[in-house]
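Summary of the model geometry
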There are 2 protein chains.
Amino acid sequence: MKRRKRLSLEEYKSGILSGDRVGLSRAITLVESTLDSDNELAAQLIDEIYEHTGNSFRVGITGVPGVGKSTFIESFGKHVIDSGKKLAVLTIDPSSQKTGGSILGDKTRMETLSRSSNAFIRPSPSGDALGGVAHKTRETMLLCEAAGYDFIIIETVGVGQSETAVKNMVDFFLLLMLAGAGDELQGIKKGIMEMADAIAINKADGENVEPAKKAKKEYQNALHLFPANENGWNPKVKTCSAIKDDGLSEILELLEQFHKEQNETGFFDENRKDQAIHWMHQTIHHFLKRNFYKSPEILEKLSKFEAEVRNGTKHSVQAARTLLNQYYN
Amino acid sequence: MKRRKRLSLEEYKSGILSGDRVGLSRAITLVESTLDSDNELAAQLIDEIYEHTGNSFRVGITGVPGVGKSTFIESFGKHVIDSGKKLAVLTIDPSSQKTGGSILGDKTRMETLSRSSNAFIRPSPSGDALGGVAHKTRETMLLCEAAGYDFIIIETVGVGQSETAVKNMVDFFLLLMLAGAGDELQGIKKGIMEMADAIAINKADGENVEPAKKAKKEYQNALHLFPANENGWNPKVKTCSAIKDDGLSEILELLEQFHKEQNETGFFDENRKDQAIHWMHQTIHHFLKRNFYKSPEILEKLSKFEAEVRNGTKHSVQAARTLLNQYYN
């Protein structure tokens, strides 16, 4: 691997604030680094640019593989840009932690969008744990905001590992579904549907139009069984065809309506403040766990203890206490 | 408060294994204690009795206040006892942490049941955090098993704070609902419905029979939208009237069917093993956080930092890192 040239704090900062993509990319690489010295500099950088963050509409988009997320974001992103926004697309893909590469993050997936000067697409960071990946994505989002991107899409693959983390860093959560794929085959993990501020039933074209309408009605009924959100927003269901560019402007309007309403009622800011407290504690928990699981005495023994708990020779609390005692002593 | 007489480890142990209720109650009080010295003895006690645990069917029951949980457990519990089981009913009530007392845990709620020599009813422990309460409840469950109780009901109030914890310590999760109460008024927190292995629509009597049947169909449709569980079990919906003792034996049969099926496929044990690993890590996380938040330097500064994060003078990660630095140094 080529040795990356490390810039000074000032260079990173001015690179971001100038809106230069190369500068932004370099800063994100710093944030994503696993080196302790880089982490320290990254933290300082976040401090420096923090006052320039927060001025975006943050949208989480999820759905299982095959639902057409890339095509959706490619087409939908064009509408976002045409509305005068600068768009950043970030991805969280827990599976990329194992393979080392990223399926979701492949830039070539969103070719048209990636060629626009008002779009910035960044693949999923790799990391040792979802918590770490989520933190890096959140900090990357802040860097993008400081660089002038005022519409952020955070894409996740809807298998339930990362959606809660994303829900806690976005203003709006959009779930993509398909009609007629056999609901049980869509693999949407329990709980995700209920986080959605809107469901978009994609691929509603050709023979799929009628099944999509039917699915829309079914999901509307299902959503109706849950109580209204605190913020007074009732989750909406829409149909669309990303590939035909059909229904996407309506979805953007829906998002803008949400943004406007929530701003007026003050729930937009309230949610951001709750999320800030949430992230403070999440960050604390993340580092407490990271320091524990990374410590040499735990690294050495953990898998042995897990095996013993699984086969019943140690019980959960016993194993936990033994490990904790060794950690603190 | 009267000073509690502290027994020896052997006395606690023999009190439990003899199946004596007074002995069991004393041991639970030890487990629930917040004194460090008691915690140490409690941990030793759990070690001592651990080989006698695990031989029960563990059932979580939840539903919002007003759904009739007490009446349900009172009537349903009678069926459990009549089937030859010894029943322990434990409660987790996060609200009791604030009031110091327990609404759910009032023994007088289940008068008939509490008079049976084969039933043991224990109110919710108080605690400084849900994590702590959940751990104490789980350890209490182990004590009850060692004392010969082979059917454990863990009751929670369905407002979303404790259900995930309970889901991770039970074999079966039953959600109580009402028909015709206006679905949005039932206040079932998003996500809880999806944890359910079965939904029982209670108060299906008199004029409510027809609405309950209709609700049953609606919930069946809604559940159908989610994929099957890994263990191959499809959540079922039943109607019942706890007060008329109607439909309860069918629900007990359903639970027994689940138990038998899951045992045969091996998923019952697999789930228990996964839960054991889960609890090892949860215990570790719990103590890491507890030690952090209880340390004097953090106690002193936390609320100031939270206020600064909320009003925007500090950002989340900055506040977290500052607190962590002060903790580790």
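Residues numbered from 1 in each chain as written. Chains lettered and ligands numbered in written order. Predicted model: local features only at pLDDT ≥ 70, side-chain atom pairs only at ≥ 80, totals over all residues. Heavy atoms only, no water.

As annotated in an unreviewed UniProt entry, chain A carries the name Methylmalonyl Co-A mutase-associated GTPase MeaB and is attributed to Marivirga arenosa.

**Considerations on the overall build of chain A**
Regarding its fold elements, chain A presents 14 helices and 7 strands. In chain A, buried positions account for 53% of the 329 residues. Pairs at least 24 residues apart make up 76% of the contacts formed inside chain A by residues separated by at least 6 positions. Summed over its atoms, the accessible surface of chain A is roughly 14,500 Å², and 50% of this surface lies on carbon and sulfur atoms. (Helix = DSSP H or I, 4+ residues; strand = E, 2+ residues; numbered from the N terminus. Buried < 20%, exposed > 50% of the residue type's maximum accessible area, 1.4 Å probe, protein only. Contact = heavy atoms within 4.5 Å. Areas by Shrake-Rupley, 256 points an atom, 1.4 Å probe, with all protein chains shown as cover.)

**Section: the pairing of strand β4 (residues 151–157) of chain A**
Most of β4(A) is tucked away, with 7 of its 7 residues classed as buried. Of the two faces of β4(A), both are covered, the one formed by F151(A), I153(A), E155(A) and V157(A) as well as the one formed by I152(A), I154(A) and T156(A).

**Looking at the packing of aromatic side chains**
Evaluation of the coordinates by the stated rule reveals 24 aromatic pairs over all chains. Ring centres of F172(A) and F258(A) lie 4.9 Å apart, and the angle between their planes is 85°; this geometry places the pair in the edge-to-face category. Here the residue F172(A) occupies a position in strand β5 (residues 172–178), and F258(A) occupies one in helix α11 (residues 248–265), the gap between them amounting to 86 residues. Both residues of the pair, F172(A) and F258(A), count as buried. Arranged with centres 5.2 Å apart and planes meeting at 65°, the rings of Y327(B) and Y328(B) form a pair that is edge-to-face. For Y327(B), a relative accessible area of 16% puts it in the buried group. The partly exposed category is assigned to Y328(B), whose relative accessible area is 37%. What links up through ring pairs into an aromatic cluster is the set F57(A), F72(A), F76(A), F151(A), F172(A), W233(A), F258(A) and F268(A). A cation over an aromatic ring shows up here: K86(A) above the ring of Y149(A), its NZ or CZ 4.5 Å from the ring centre. Here the basic side chain of K236(B) rests over the ring of W233(B), its NZ or CZ set 3.7 Å away from the ring centre. (Phe/Tyr/Trp six-rings, centres within 6.5 Å; stacked < 30°, edge-to-face > 60°. Lys NZ or Arg CZ within 6 Å of the ring centre and 35° of its normal.)

**Some words on the environment of Y12(B)**
Residues and elements named next belong to chain B. Mapped onto the secondary structure, Y12 falls in helix α1 (residues 9–17). The buried category is assigned to Y12, whose relative accessible area is 2%. When the C-alpha atoms of Y12 and L30 are compared, they prove to be 9.1 Å apart, with 18 residues separating the residues in sequence.

**Notes on the interface of chain B and chain A**
Taken together, the contact between chain B and chain A spans 58 residues of the former and 58 residues of the latter. With both chains or domains summed, chain B and chain A bury close to 5,600 Å², and 63% of this area falls on carbon and sulfur atoms. Across the chain B-chain A interface, the total number found is 6 salt bridges. For R310(A), the salt bridge identified is with E270(B), shortest N-O distance 3.6 Å. Only α3 (36–49), α7 (130–146), α9 (192–195), α10 (209–224), α12 (267–294), α13 (296–311) and α14 (316–328) of chain B provide two or more residues apiece to the side of chain B that touches chain A. Tallying contributions element by element places α12(B) first for the side of chain B that touches chain A, with 17 residues. Counted by class, the side of chain B that touches chain A contains 30 nonpolar, 12 polar and 16 charged residues. (Buried area = accessible area lost by both parts, 1.4 Å probe. Salt bridge = Lys/Arg side-chain N within 4 Å of Asp/Glu carboxyl O. Nonpolar A, V, L, I, M, F, W, Y, C, P; charged D, E, K, R; others polar.)

**Digging into a negative patch on the surface**
Residue and element names in this part refer to chain A. Together, D245, D246, E250, E253 and E256 line one region of the surface with negative charge. Within the secondary structure layout, E256 lies in helix α11. Owing to a relative accessible area of 39%, E256 belongs among the partly exposed residues under this scheme. (Patch = residues over 30% accessible without salt bridge, like charges linked within 9 Å, V, L, I, M, F, W, Y side chains within 5 Å. Lys, Arg positive; Asp, Glu negative; His and termini not counted. Charge placed at Lys NZ, Arg CZ, Asp CG, Glu CD.)

**A short note on the pairing of strand β2 (residues 87–92) of chain A**
Residue and element names in this part refer to chain A. Most of β2 is tucked away: 6 of the 6 residues are buried. Covered by surrounding structure in β2 are L87, V89 and T91 together with A88, L90 and I92, the residues of both alternating faces. Taken together, the 4 bridges between β2 and strand β3 (residues 119–122) define a ladder with parallel strand orientation. Opposite A88, over in β3, you have F120 as the bridge partner. Bridge count between β2 and β4: 6 bridges; the pairing is parallel. Paired with I92 across the two strands is T156, which belongs to β4. (Pairing = 2+ DSSP bridges.)

**Digging into the relation of the copies chain B and chain A**
Between chain B and chain A, which share one sequence, the superposing operator has a rotation angle of 180° and an axial displacement of 0.0 Å; the RMSD is 0.0 Å. The two molecules are tied by a two-fold rotation axis, judged by turn and shift. Residue by residue, 100% of the interface of chain B is reproduced at the interface of chain A, so both copies engage with the same surface. (Least-squares fit on C-alpha atoms with pLDDT ≥ 70 in both.)

**Here's the deal with the sheet that holds strand β5 (residues 172–178) of chain B**
All names here are of chain B. In spatial order, the strands read β3-β2-β4-β1-β5-β6-β7; together these 7 strands make up an open sheet with parallel pairing. On the outer flanks of this sheet lie β3 (119–122) and β7 (236–239), each paired with one strand and no other. Taking each pair of neighbouring strands and ignoring which way they run, the sheet shows an average axis angle of 20°. Judged from the 4 bridges that link them, strand β6 (residues 198–202) and β7 form a sheet pairing that is parallel. Its bridge partner being in β7, A198 is matched across the sheet by K236. (Axes fitted to C-alpha atoms, helices over the stretch in contact; angles between N-to-C directions.)

**Observations concerning the packing of α1(B) against helix α2 (residues 21–32) of chain B**
All names here are of chain B. Relative orientation of the contacting elements α1 and α2 amounts to 130°, with a least axis distance of 7 Å. Taken as axis vectors, α1 and α2 run oblique relative to one another. Considering only the axes of α1 and α2, their crossing is left-handed. Residues Y12, G15 and I16 of α1 form the contact with α2, whose own contacting residues are G23, L24, R26, A27 and L30. (Parallel < 35°, antiparallel > 145°, perpendicular 65-115°, else oblique. Left-handed = near helix turned anticlockwise from the far one by under 90°.)

**Examining the sheet that holds β5(A)**
Residue and element names in this part refer to chain A. Spatially, β3-β2-β4-β1-β5-β6-β7 is the arrangement adopted by the 7 strands of the open sheet, whose pairing is parallel. Of all the strands in the sheet, the pair left with one neighbour each is β3 and β7 (236–239). The average angle at which neighbouring strand axes cross in this sheet is 20°, direction not considered. Sheet strands touched by helix α10 (residues 209–224): β5, β6 (198–202) and β7. Its angle to β7, the strand with the most contacts, is close to 175°.

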